[in-house]
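# Descriptive structure summary
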Amino acid sequence: RTDLFSPVTMGMLQLANRIVMAPVTRSRYGEDGVPDELHATYYAQRAGAGLIISEATNISAQGRGYAATPGIWSEEQVTGWKKVTDAVHAEGGKIVCQLWHVGRFSSVELQPNGERPVAPSAIKAEGQTYTVNGFVPVSTPRALETEEIPGIIEQYKRAAENALRAGFDGVEVHSANSYLLDQFLRDSTNHRTDAYGGSIENRARLTLEVTEAIVGIWGNERVGIRLSPVTPDAGNTPPDSNVMAMYGYLIQQLNRFNLAYLHFVEGATATSRDVPADVDMDALSAQFDGPFIGNNNYDLEMAISRRNAGIIDAVAFGRLFISNPDLVKRLRYGAELTIAPKEAYYGGGAKGYTDWPEGHY
Ligand SMILES: C=C(C(=O)O)c1ccccc1
């Protein structure tokens with residue numbers, strides 16, 4: 001027995017079911033980051049999800065860390081996203097925009113005027129990112145000056161306003177996966193000595209100020225937030241030295257906003273659900289007073305049991321939505337699921353993106 005296929009309301013978001021399309025980067029945009037008819041088709045095909053969370057979308061040119069990812073800072077991008085939201089709404093779907101600043105995980109080759117990426121502290125991530133010319137090492141970032149923080153918050157506000165104009169049903173604050181906001185949360189990447197570093201309260205400050213600013217634009221009931229307490233990606237970033245205290249405090253403070261939902265990557269993104277011995281993922285999410293979306297390597301059976309145990313209110317699938325546009329129906333009627341090969345994840349055009357057939361029931 002399950003209510004995963006029944007309607008649910010999360011804040012002002014009225015969802016036809018509790019199956020969420022997780023934010024999945026597909027890297028199929030031009031360097032202008034503008035969505036077009038291809039992306040509108042891709043998202044409309046997946047409108048059977050109770051809620052679609054868009055792939056991570058750059059709030060500014062400074063917030064971009066990969067080639068071929070979308071943005072929502074320019075007028076052209078807003079116009080492009082309007083095509084997407086109109087197409088999803090025409091199919092009766094709901095879609096929110098995941099607002100993303102990569103922080104240190106970028107390259108001078110991707111940054112405006114070849115500048116260094118910005119971060120809480122000048123600590124380089126590991127690994128590479130990709131430009132139109134292929135993979136490049138990420139660059140050593142520069143630490144944001146305290147007086148630059150209001151400008152960062154402005155970037156999120158402008159992006160949130162643009163998402164409103166683009167017809168989204170809401171927005172998700174991307175404070176996960178070791179990108180900018182998560183870099184401020186973790187003491188492995190935040191060595192600041194001002195009001196945005198040091199104590200747990202100080203390291204939570206930027207995520208809370210950004211969330212408050214976005215709630216000021218959207219209202220609390222159309223804003224969600226994504227956290228990933230232990231994932232090492234991006235850039236093999238070490239976890240915080242006290243995950244339960246850091247994310248526990250943040251969640252307690254987020255309760256003040258009565259957000260539409262909290263969304264977790266439970267474990268290491270797209271690889272493992274394992275957590276360090278001193279971390280209890282469900283004890284963390286249980287501290288949130290509002291609706292909770294669980295994510296990471298779920299199958300239907302696990303989603304049903306964790307839903308029935310009251311641990312999750314909804315489940316987000318990422319990779320399964322790549323190759324099963326009608327995933328909700330396939331899960332509901334027990335149809336065979338198609339597994340996408342990794343080669344289909346990133347880059348290219350319609351092939352491996354909008355050419356996946358519907359299932360057989
Ligand atoms: C936005 C991403 C995330 O949140 O992990 C991402 C970026 C590049 C590849 C995969 C995922």
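Before any of the text, the structure's been laid out above.
These notes cover the structure that comes with them. Note that the structure is predicted; figures quoted are calculated from it, not measured.

## Focus: the overall build of the chain
In terms of regular secondary structure, the chain is built from 10 helices and 15 strands. With the principal axes as the frame, the chain shows a C-alpha extent of 60 × 45 × 35 Å. When burial is assessed residue by residue, the chain has 59% of its 361 residues classed as buried. For the chain, the share of sequence-separated contacts (at least 6 apart) that also reach a separation of at least 24 residues comes to 72%. Between the mean site of the 32 positive side-chain charges and the mean site of the 43 negative ones, the chain shows a separation of 3 Å.

## Remarks on the layout of surface pockets
One number sums up the size of the largest pocket: a volume of about 1100 Å³. Forming the boundary of the largest pocket are 40 residues, of which Thr 269, Ala 270, Arg 319, Tyr 345 and Tyr 346 lie nearest the centre. If you list the elements that add at least two residues to the lining of the largest pocket, you get β6 (95-100), β8 (128-131), β15 (314-317) and α9 (319-323). Here the lining of the largest pocket gets 4 residues from one element, more than from any other, and that element is α9. Of the residues in the lining of the largest pocket, the class split is 21 nonpolar, 15 polar and 4 charged.

## With respect to helix α3 (residues 149-165)
Spanning 17 residues, α3 covers 25 Å between terminal C-alpha atoms, matching the ideal 24 Å at 1.5 Å per step. All of the buried residues in α3 are Ile 149, Ile 152, Ile 153, Gln 155, Tyr 156, Ala 159, Ala 160, Asn 162 and Ala 163. In this structure, the buried residues of α3 make contact with α2 (75-90), β6, β11 (170-175), α4 (180-185) and α5 (200-218). With its phi angle positive at about 90°, Gly 167 sits one or two positions after the end of α3.

## Here we look at the site of the ligand
Every residue lining the ligand is accounted for by Thr 25, Ala 56, Tyr 66, Trp 100, His 174, Asn 177, Tyr 179 and Tyr 346. Take His 174: an N or O atom from its side chain is 2.8 Å from an oxygen atom of the ligand. For the ligand, an oxygen atom lies 2.8 Å from a polar atom in the side chain of Asn 177. Its free accessible area being 300 Å², the ligand has 81% of it covered by the protein chains. A molecule is said to occupy a pocket when more than half its atoms come within 2 Å of that pocket's grid points, and by this definition the ligand occupies the largest pocket.

## A few points about the pattern of salt bridges
Evaluated as defined, the whole model comprises 17 salt bridges. Ionic pairing is found between Glu 266 and Arg 306, a salt bridge with its closest N-O pair at 2.9 Å. Of this pair, Glu 266 sits in the loop between β13 (261-264) and α7 (281-285) while Arg 306 sits in helix α8 (residues 300-308), and the two are 40 residues apart along the sequence. A relative accessible area of 1% places Glu 266 in the buried class. Accessibility expressed as a relative area gives 11% for Arg 306, which makes it buried. Each member of the salt-bridge network shares a partner with another, and the members are Asp 3, Arg 18, Arg 307 and Asp 313.

## So, the packing of aromatic side chains
Under the criterion given, the structure shown has 15 aromatic pairs. Ring plane angle 55° and centroid distance 5.4 Å describe the contact between Trp 81 and Phe 168, whose orientation is recorded as tilted. Of this pair, Trp 81 sits in helix α2 while Phe 168 sits in the loop between α3 and β11; the two residues are 87 residues apart in sequence, bridging distant segments of the chain. The residues Trp 81 and Phe 168 share a single accessibility class, namely buried. With centroids separated by 5.6 Å and ring planes inclined at 75°, the aromatic side chains of Tyr 130 and Phe 135 adopt a geometry described as edge-to-face. By relative accessible area, which is 57% here, Phe 135 ends up exposed. By way of ring pairs, the aromatic residues Tyr 29, Tyr 42, Tyr 43, Trp 81, Phe 168 and Tyr 353 are connected into one cluster. The side chain of Arg 273 reaches across the aromatic face of Tyr 298, ending 4.7 Å from its centre.

Scoring rules and cut-offs
Residues numbered from 1 in each chain as written. Predicted model: local features only at pLDDT ≥ 70, side-chain atom pairs only at ≥ 80, totals over all residues. Heavy atoms only, no water. Helix = DSSP H or I, 4+ residues; strand = E, 2+ residues; numbered from the N terminus. Buried < 20%, exposed > 50% of the residue type's maximum accessible area, 1.4 Å probe, protein only. Contact = heavy atoms within 4.5 Å. Lys, Arg positive; Asp, Glu negative; His and termini not counted. Charge placed at Lys NZ, Arg CZ, Asp CG, Glu CD. 1 Å grid on protein atoms, 1.4 Å probe; cavity = no way out; pocket = protein on both sides within 12 Å on 5 of 7 lines; lining within 4 Å. Points joined across faces, edges and corners; volume = space filled by probe spheres on them. Nonpolar A, V, L, I, M, F, W, Y, C, P; charged D, E, K, R; others polar. Expected span 1.5 Å × (residues − 1). Near = heavy atom within 4 Å. Polar contact = N/O pair within 3.5 Å; in protein donor to acceptor, adjacent residues only side chain to side chain. Areas by Shrake-Rupley, 256 points an atom, 1.4 Å probe, with all protein chains shown as cover. Sits in = over half its atoms within 2 Å of the grid points. Salt bridge = Lys/Arg side-chain N within 4 Å of Asp/Glu carboxyl O. Phe/Tyr/Trp six-rings, centres within 6.5 Å; stacked < 30°, edge-to-face > 60°. Lys NZ or Arg CZ within 6 Å of the ring centre and 35° of its normal.

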